[in-house]
Amino acid sequence: MMTPYVYDPDNPLPVLEERHMMDILMYLYTHGRSKKTDVYKGICLNSRMPEKLIRLHHAGLIVIHAYEGSYNTRGDVELTDYGARVTQVILNLSRVLKTRPKDEVELVKQGEYPDGKISGLDRGPFYDQL
């Protein structure tokens, strides 16, 4: 059994670090308001998916529209304006990550770094402890 989820507005990133959370946001961004079952089928048929939607709802990223007489099993979900803005940032980050020069990617795969740096950034203070 999972520990109860408590959204912390001072530390909002953990909600996005869970598996499938960003996928759910991107699905809703591209498909708009959707039935919960369509989201599950489009992302993952997992027994924890309803809980993930509730967590995104508590974080203010989506709205859950329950059908009459059905709180958690049936309904529609859609992004809030805040959720759409967060998803745009995720999509932009994804685009930036895809633009990394191919030769630099090959150097990383081979374990070689020019001058100990990648794109002007050093390896960081904890690199040698890995």
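As shown above, the structure is provided for reference.
Keep in mind it's a predicted model, so treat the numbers as computed, not measured.

Caption draft 1: Just unusual backbone geometry, in detail. Although it is not a glycine, H20 sits at a positive phi angle of roughly 80 degrees. Its location among the elements puts H20 in the loop between α1 (14–17) and α2 (21–31).

Caption draft 2: Examining the pattern of salt bridges more closely. Tallied over the full model, the rule gives 5 salt bridges. Note that E18 and K52 form a salt bridge whose closest N and O atoms lie 3.4 Å from each other. In this pair, E18 sits in the loop between α1 and α2 while K52 sits in helix α4 (residues 49–58), placing the two residues 34 residues apart along the sequence. Both residues of the pair, E18 and K52, count as buried. Here R55 ties to E51 by a salt bridge, and the two come within 2.9 Å at their closest N and O atoms. Residue R55 and its partner E51 are both found in helix α4; the two are separated by 4 residues, about one turn of the helix. Here the salt bridges share partners, and the residues they tie into one network are E18, R48, E51, K52 and R55.

Caption draft 3: Main features of the packing of helix α3 (residues 36–43) against α4. At a closest axis distance of 11 Å, the pairing of α3 and α4 adopts a crossing angle of 110 degrees. The angle between the axes of α3 and α4 places the two elements in the roughly perpendicular class. Between α3 and α4 lies a crossing of right-handed hand. Along its contact with α3, which presents K36, Y40 and I43, the element α4 presents M49, P50 and L53.

Caption draft 4: Expanded view of the packing of α2 against α3. Where α2 contacts α3, the axes come no closer than 10 Å and their chain directions differ by 120 degrees. Our classification of the angle between α2 and α3 gives oblique. Of the two elements, α2 crosses α3, and the hand of that crossing is right-handed. In this structure, α2 uses D23, I24, Y27 and L28 to contact α3, whose residues at the interface are D38, V39, G42 and I43. Across the contact of α2 with α3, the residue classes break down as 5 nonpolar, 1 polar and 2 charged.

Basis of the calculations
Residues numbered from 1 in each chain as written. Predicted model: local features only at pLDDT ≥ 70, side-chain atom pairs only at ≥ 80, totals over all residues. Heavy atoms only, no water. Helix = DSSP H or I, 4+ residues; strand = E, 2+ residues; numbered from the N terminus. Salt bridge = Lys/Arg side-chain N within 4 Å of Asp/Glu carboxyl O. Buried < 20%, exposed > 50% of the residue type's maximum accessible area, 1.4 Å probe, protein only. Axes fitted to C-alpha atoms, helices over the stretch in contact; angles between N-to-C directions. Parallel < 35°, antiparallel > 145°, perpendicular 65-115°, else oblique. Left-handed = near helix turned anticlockwise from the far one by under 90°. Contact = heavy atoms within 4.5 Å. Nonpolar A, V, L, I, M, F, W, Y, C, P; charged D, E, K, R; others polar.

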